[in-house]
Amino acid sequence: MRRRRSYSASLLDLDGDRDLDLVNVSDFAGLDVFENDGRGHFRDAGQILGAARHAFGMAHAFQDANGDARPDLLMLGMDSPVAERLEGLGLRRLAPGEPPGMVRAMTRGNRLYFGTADRAAPLVPASDAVDRPLASTGWTWGAGWEDFDLDGRLDLAVANGHETRSSVADYERQFWRHDRFVAGSDPDPAAKLYFQTAAGRRQAAGASYGGWQDNQFLLQFGDGEFAEVAWLLGLAVPMDCRNLVAADLDLDGRPDLVLTTQEGWPRTRQRLLVYRNRLTPRGRWMGFRFAGAPPSGTQVMLEMPGGTRSRWRTTGDGFRSQGPAAVHFGLGDAAPVRARIQWGTGKPDTVIESPAADRWHAVPVP
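Residues numbered from 1 in each chain as written. Predicted model: local features only at pLDDT ≥ 70, side-chain atom pairs only at ≥ 80, totals over all residues. Heavy atoms only, no water.

Colleague: Describe the sheet that holds strand β1 (residues 5-12), and please don't skip the residues or the numbers.
Modeller: Strands sit in the order β1-β2-β3-β4 across an open sheet of four strands; the sheet is antiparallel. Whereas interior strands pair on both sides, the edge strands pair on one side only; in this sheet they are β1 and β4 (42-44). Ignoring strand direction, the axes of neighbouring strands in this sheet form an average angle of 25 degrees. Both strand β2 (residues 21-27) and strand β3 (residues 30-36) contribute to a ladder of five bridges, which runs antiparallel. Across the sheet, V25 pairs through a bridge with L31, a residue of β3. (Pairing = 2+ DSSP bridges. Helix = DSSP H or I, 4+ residues; strand = E, 2+ residues; numbered from the N terminus. Axes fitted to C-alpha atoms, helices over the stretch in contact; angles between N-to-C directions.)

Right, here's the structure in full:
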């Protein structure tokens, strides 16, 4: 952990034992999971994931993706058409000490993990068939993983792009065919000078690096079926974007989007972009706003006749960004019987009987 380039980290009860476990997402390494024994000692539970933990990790988000009331994690990462093409052609060259299959694992993009009750393996990777629709969204930095059209299914909005310049010629070809074999984990003055020179030449030529990647919006229209509709909604801006937060700014029950750009061409600037959600609602909704600072990992459960839905209030999950102290549910045509809020160890649950739909409920923090 000491040598990780960490971009996001959250404390959350992954295994249901009422103490907070730790997840950490980092560039060049991916996902680390540490299980808390309840006495302040943490055990590395991420190694059991094997190659599925590796990624160019940028951030993460928690939701209950499969409806079992356990926290599921979406790790945001980076895919690479160049690396995928080389792998597909069988043009593989291993760097010293690199295990086979590492390039494919690192460049898979986003990864979905399902929560379990197993303390030895509190997160398990979803199958390819389940998370493949969410995987390839570009060089992804931030995400809003919410029910934007209120149909009871989770949608995904992502902020993309690394270094867009005037030319579509991209540095990734040089990186994957040559430069990644120059780099190493230990300080090397010669390698540092080489990369500084390569960056100068790239900028002088106006070449991009992971550039010209529009933001994406994956709207779930059937269970596990997604349509990419960012262009139709005006979200597919060509500028490099970084931070993204989904929040109901106008309190109409539909999550809106706030994101920032990090533009280096045609001029250097950073902008704040706000998008109001005007999607036609396909169901009802319910939200809970906390009056005070809720503990990290606070869980809100809606008990339905057909099962329980859960949301969590976490911190540290976004790349340089943080959402409000609130959780939101799209209900579709479901009608909750009660809401239960678990605050963590030593605090009694808050129960709200027959909570009204289509409103934000103010909840005091004990």
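Next comes the rest of the account.
Colleague: Report on the pairing of strand β13 (residues 241-247), specifying residues and quantitative values.
Modeller: With seven of seven residues buried, β13 is to be regarded as a mostly interior element. The pairing of β13 with strand β14 (residues 256-261) spans five bridges and is classified as antiparallel. Its bridge partner lying in β14, C241 is registered against T261. (Buried < 20%, exposed > 50% of the residue type's maximum accessible area, 1.4 Å probe, protein only.)

Colleague: Quick rundown of unusual backbone geometry? Include the residues and the values.
Modeller: That bond from W265 to P266 is cis: its omega, 5 degrees, falls within 30 degrees of zero. Within the secondary structure layout, P266 lies in the loop between β14 and β15 (272-275). The backbone phi angle of A69 is positive, close to 70 degrees, even though this residue is not glycine. Position of A69 relative to the elements: it lies in the loop between β5 (59-63) and β6 (72-76). If you check the backbone angles, S354 has positive phi at about 45 degrees while not being a glycine.

Colleague: Tell me about the side chain of T137, residues and numbers included.
Modeller: Counting through the fold element by element, T137 comes out in the loop between α3 (128-135) and β9 (140-146). Overall, T137 belongs to the buried group, its relative accessible area being 1%. One polar contact links T137 to T140, side chain to side chain, over a distance of 2.6 Å. Residues within four places of T137 in sequence aside, it is in contact with D79, N110, V158, N160, Q216 and L218. (Polar contact = N/O pair within 3.5 Å; in protein donor to acceptor, adjacent residues only side chain to side chain. Contact = heavy atoms within 4.5 Å.)

Colleague: Tell me about the layout of surface pockets, and name the residues and values.
Modeller: Space inside the largest pocket adds up to approximately 1600 Å³. Together, 41 residues line the largest pocket, and F28, F56, F175, A183 and G184 are the ones closest to its centre. If one sorts the elements of the lining of the largest pocket by residue count, helix α5 (residues 189-204) sits on top with seven residues. Here the residues of the lining of the largest pocket are counted per class, giving 26 nonpolar, five polar and ten charged. (1 Å grid on protein atoms, 1.4 Å probe; cavity = no way out; pocket = protein on both sides within 12 Å on 5 of 7 lines; lining within 4 Å. Points joined across faces, edges and corners; volume = space filled by probe spheres on them. Nonpolar A, V, L, I, M, F, W, Y, C, P; charged D, E, K, R; others polar.)

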